[in-house]
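What follows is each chain in one-letter form.
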Amino acid sequence: MTRTANVGSPRILGIGRPDPAFTSVAQWLKATVPHDQLGQAPTIPLALKSPSFSRSLPDLVVVYREFPDQFPTADIHSLVGAMLFRRIICCDGPLCLADGRTHGQWPTICRVPEKSAIAVLRRELHALKQARPPISPMAASEDVFAHRVFSLPGPTSDYPPPQRAFIAACDPDFRATVRSVLMQHNIQAEAAHPDVINALRAAGSLAPDWLLVDLDEDPAALIPQLNNMHRQGLPITALTGFPGQTLPPWAASLVDKTEMFLQLGALHQDLTR
């Protein structure tokens, strides 16, 4: 029985219920992976007994985790053991974000917030096509970070010219960090105190194509301007470090500060299509 990875057309198995929280991830997989290469199982034991494992191993398993401790630890160990030289992505729904990164059930390399899942999956499929081995499930947090940031494919010539992005935040260190992340994604970015937003609205052809606002600084005084810019069609992204934060009415997207590199990169690709 062959156990080699199917590099040309990777086989992917989803585990879990089709919860609405994972709609975007599931739809992306259906649009990206051939139908006959994409399977689904409701639980880990049923997945391990399915043809996906009995004939040969899948190249990638995507677990949809709705709530903490949804899957028994023994089942997780069985899955990780079976997929030791393959890839597992545990896609965490909103109820799992408060677990933090120290919850011991799933290896660090497996856990991905739902909003970052498509970006991670895109890059894991890219790695499969290049026949690159997966990171060990024993990898430390810093190894996982380096893998997801520094081994990503760079911008391609298919992208249009870089967008102009502006970061509105009071903290200069945070502004510099976000600007650096955007520039690594080939985005022309500038940053300043939120007081300059009124000037941005009057900048005409030099106005930014994308506005990013630090939601944790309580931008209540900016809401009238942000509402106007949102109604005029300017993409606005709110940045937050608090799990469970809701999308403000003036923003088109909400990004977790701990996942900025992946989530901002995915948003950029969406905006430039």
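Residues numbered from 1 in each chain as written. Predicted model: local features only at pLDDT ≥ 70, side-chain atom pairs only at ≥ 80, totals over all residues. Heavy atoms only, no water.

Caption draft 1: Layout of the sheet that holds strand 5 (residues 111-113). The parallel open sheet is built from five strands, whose spatial order is 2-1-3-4-5. Looking at which strands have only one partner, the edges of the open sheet turn out to be strand 2 (38-41) and strand 5. Sheet twist, expressed as the mean angle between neighbouring strand axes with direction ignored, is 25 degrees. As paired elements, strand 3 (residues 60-65) and strand 4 (residues 87-92) share six bridges and run parallel to each other. Counterpart to Val 62 in the pairing with strand 4 is Ile 89. (Pairing = 2+ DSSP bridges. Helix = DSSP H or I, 4+ residues; strand = E, 2+ residues; numbered from the N terminus. Axes fitted to C-alpha atoms, helices over the stretch in contact; angles between N-to-C directions.)

Caption draft 2: Up close: the pattern of salt bridges. Inspection of every chain in the model, using the stated rule, returns seven salt bridges. Notably, a salt bridge pairs Asp 214 with Lys 257, separated by 3.0 Å at the nearest N-O pair. Of this pair, Asp 214 sits in strand 8 (residues 210-214) while Lys 257 sits in the loop between strand 10 (253-256) and helix 10 (260-271), and the two are 43 residues apart along the sequence. Because the salt bridges share partners, they merge into one network encompassing Arg 65, Asp 92 and Arg 111. (Salt bridge = Lys/Arg side-chain N within 4 Å of Asp/Glu carboxyl O.)

Caption draft 3: Main features of helix 9 (residues 223-231). Turning to helix 9, its buried residues number three or more, namely Gln 225, Leu 226 and Met 229. Down the axis of helix 9, the buried set is contained in an arc of 95 degrees. They therefore lie on one face. The inward-facing, buried residues of helix 9 abut helix 8 (197-201), strand 8 and strand 9 (236-240). One or two steps after helix 9, the chain reaches Gly 233, where phi turns positive at roughly 95 degrees. (Buried < 20%, exposed > 50% of the residue type's maximum accessible area, 1.4 Å probe, protein only. Arc of directions from axis to C-beta. Contact = heavy atoms within 4.5 Å.)

Caption draft 4: Geometry of the sheet that holds strand 8. Spatially, the five strands line up as an open sheet ordered 7-6-8-9-10, and their pairing is parallel. Edge positions in the open sheet fall to strand 7 (188-192) and strand 10, since each of these has one partner strand only. Direction aside, neighbouring strands of the sheet carry axes that sit 25 degrees apart on average. The pairing of strand 6 (residues 164-168) with strand 8 spans four bridges and is parallel. Its bridge partner lying in strand 8, Ile 167 is registered against Leu 212.

Caption draft 5: Representation of the pairing of strand 7 in the model. Across five bridges, the pairing between strand 6 and strand 7 is parallel. Looking at the pairing, Arg 164 lines up with Gln 188 of strand 7. With respect to chirality, the unit in which strand 6 leads through helix 7 (residues 172-184) into the neighbouring parallel strand 7 is right-handed. (Right-handed = clockwise from strand over helix to strand, strands pointing away.)

Caption draft 6: Expanded view of the environment of Pro 208. Within the secondary structure layout, Pro 208 lies in the loop between helix 8 and strand 8. As for Pro 208 and Gln 163, which are separated by 45 residues in sequence, their C-alpha atoms are 7.8 Å apart.

Caption draft 7: The arrangement of the packing of aromatic side chains in detail. All told, the structure shown has two aromatic pairs when counted by the stated rule. With centroids separated by 5.2 Å and ring planes inclined at 45 degrees, the aromatic side chains of Phe 22 and Tyr 64 adopt a geometry described as tilted. On the criterion of sequence distance, the pair formed by Phe 22 in the loop between strand 1 (12-15) and helix 1 (23-32) and Tyr 64 in strand 3 is long-range, its members being 42 residues apart. The class for Phe 22 is buried, based on a relative accessible area of 2%. (Phe/Tyr/Trp six-rings, centres within 6.5 Å; stacked < 30°, edge-to-face > 60°.)

Caption draft 8: Spatial organisation of the side chain of Ser 253. Along the chain, Ser 253 turns up in strand 10. Apart from residues no more than four positions distant in its own chain, Ser 253 is found in contact with Ile 236, Thr 237, Ala 238, Leu 247 and Leu 267.

Caption draft 9: Here's a closer look at the state of the cysteines. Counting across every chain of the model gives zero disulfides. Note on Cys 90: no disulfide assigned, nearest cysteine sulfur contributed by Cys 96 at a separation of 6.9 Å. (Disulfide = S-S within 2.5 Å.)

Caption draft 10: Just the packing of helix 1 against helix 5 (residues 114-129), in detail. The contact between helix 1 and helix 5 brings their axes to 9 Å, and the two run at 25 degrees. Considering the angle they form, helix 1 stands roughly parallel to helix 5. In this structure, helix 1 crosses over helix 5, and the sense of that crossing is right-handed. On the side of helix 1, the interface is formed by Ser 24, Val 25, Trp 28, Leu 29 and Thr 32, while helix 5 contributes Glu 114, Ala 117, Ile 118, Leu 121, Arg 122 and Leu 125. Split into classes, the residues belonging to the contact of helix 1 with helix 5 amount to seven nonpolar, two polar and two charged. (Parallel < 35°, antiparallel > 145°, perpendicular 65-115°, else oblique. Left-handed = near helix turned anticlockwise from the far one by under 90°. Nonpolar A, V, L, I, M, F, W, Y, C, P; charged D, E, K, R; others polar.)

Caption draft 11: Main features of the side chain of Thr 240. Within the secondary structure, Thr 240 is located in strand 9. Residue Thr 240 is classed as buried on the basis of its relative accessible area, which comes to 4%. Only 2.8 Å separates the side chain of Thr 240 from the side chain of Asp 216, close enough to count as a polar contact. Of the polar contacts made by the side chain of Thr 240, one reaches the backbone nitrogen of Phe 242; its length is 3.1 Å. (Polar contact = N/O pair within 3.5 Å; in protein donor to acceptor, adjacent residues only side chain to side chain.)

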